[in-house]
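Okay, here's what each chain looks like letter by letter:
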Amino acid sequence: PFGAKKGEDGTPVPNPETYPGLKMAFELAGQGKSYREVAQALNSSGYRTAGNMGNRPFSKDTVVGMLKNHFYIGELPDGNGGWLIAKHKPFISKELFDAVQDVRAQRQCRRHTINTKARTYSLSTLMWCKKCGSKMRMQQSPKGEVRTYCAGRAKGLGCDCKGTFLSIYEAQIRWYLENFI
């Protein structure tokens, strides 16, 4: 991994040529710098990636991989989703690693795209297919009529429910409400 080399006994030790770049990357990330900013700092300082793909400039993706690598705190995967203590000494402190993980977690809040053309109809989210139990969806035709259709059928799940116009259901509900005692 970046910042490490094989010691005389085969155990990883800090590489004096790249270890300062490793520490710089974690410190910048811990200060809240973006992955892209960390990559630019590493590249402008003359550092290049280490690995089987050769020495290349850092990208935000290579920085992310480095910042979440438990190798740098002296841990290796145990194969069951956990971590084992490695033979090598940690390259960075657990406190700095945890601080970087906290910053990463804050950055991972998902951004949702809002469909500005989406419409809400009178029975949106209230209808399910009687045959397969899937949601009934609605779509406006080019003529302006709103049709309902089975999401299960649209996904090819074997439902043979045929959709109809939303106005038919609305008329039925209107009749029920008008005749409700």
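A.B. asks: Lay out the state of the cysteines in plain terms, naming residues and giving numbers.
C.D. replies: Applying the stated criterion to the full structure yields 0 disulfides. No disulfide involves C129; its sulfur sits 3.6 Å from the nearest other cysteine sulfur, which is in C159. In this structure C159 comes out as buried when scored by relative accessible area, which is 11%.

A.B. asks: So what's going on with the packing of aromatic side chains? Residues and values would help.
C.D. replies: The final tally for this structure, using the stated rule, is 9 aromatic pairs. Ring centres 5.0 Å apart and planes at 85° place the aromatic pair F2 and F58 in the edge-to-face group. Residue F2 is found in the segment before β1 (4-6), and its partner F58 is found in the loop between α2 (35-44) and α3 (60-67); the two are separated by 56 residues along the sequence. Owing to a relative accessible area of 8%, F58 belongs among the buried residues under this scheme.

A.B. asks: Tell me about the environment of P1, and name the residues and values.
C.D. replies: Counting through the fold element by element, P1 comes out in the segment before β1. When the C-alpha positions of P1 and M66 are compared, they lie 8.1 Å apart, and in sequence the two are 65 residues distant.

A.B. asks: Give a description of the nonpolar core that names residues and reports values.
C.D. replies: One finds F2, F26, L42, F58, V63, M66 and Y72 to be the most contacted residues of the largest nonpolar core, which totals 25 residues. In this structure, Y72 is in contact with P1, F2, L22, F26, M66, P90, F91 and I92, ignoring residues within four places of it in sequence. Core analysis: the next-biggest nonpolar cluster, separate from the first, contains 11 residues, C129, M138, C161 and L166 among them.

A.B. asks: Quick one: what's the story with the environment of E37, residue by residue and with numbers?
C.D. replies: Considering the arrangement of structural elements, one finds E37 in helix α2. A residue is classified by how much of its surface remains accessible, and E37, at 38% relative accessible area, is partly exposed. Between the C-alpha atoms of E37 and M24, which are 13 residues apart in sequence, the distance is 12 Å.

A.B. asks: Account for the pairing of strand β6 (residues 146-150), naming residues and giving values.
C.D. replies: Each regular strand displays side chains that alternate between the two surfaces of the sheet. Burial of β6 is one-sided: the residues V146, T148 and C150 facing one way are buried, the residues R147 and Y149 facing the other way are not. Pairing of strand β5 (residues 136-140) with β6, which is carried by 5 bridges, proceeds in the antiparallel orientation. Residue pairing for β6: M136 is matched across the bridge by C150. Counting the residues that bridge the hairpin from β5 to β6 gives 5 residues, and of these G144 lies at a positive phi of roughly 95°.

A.B. asks: An account of unusual backbone geometry is requested, with residue identities and associated values reported.
C.D. replies: Even without a glycine there, the phi angle at T125 is positive, about 65°. Its location among the elements puts T125 in the loop between α4 (94-107) and β5.

A.B. asks: Any details on α3? Residues and values, ideally.
C.D. replies: By the burial criterion, the buried members of α3 are V63, V64, M66 and L67. All buried residues of α3 lie within an arc of 165° about the axis, which places them on one face of the element.

What counts, and where the lines are drawn
- Residues numbered from 1 in each chain as written.
- Predicted model: local features only at pLDDT ≥ 70, side-chain atom pairs only at ≥ 80, totals over all residues.
- Heavy atoms only, no water.
- Disulfide = S-S within 2.5 Å.
- Buried < 20%, exposed > 50% of the residue type's maximum accessible area, 1.4 Å probe, protein only.
- Phe/Tyr/Trp six-rings, centres within 6.5 Å; stacked < 30°, edge-to-face > 60°.
- Helix = DSSP H or I, 4+ residues; strand = E, 2+ residues; numbered from the N terminus.
- Core = buried A, V, L, I, M, F, W, Y, C linked by side-chain atoms within 4.5 Å.
- Contact = heavy atoms within 4.5 Å.
- Pairing = 2+ DSSP bridges.
- Arc of directions from axis to C-beta.

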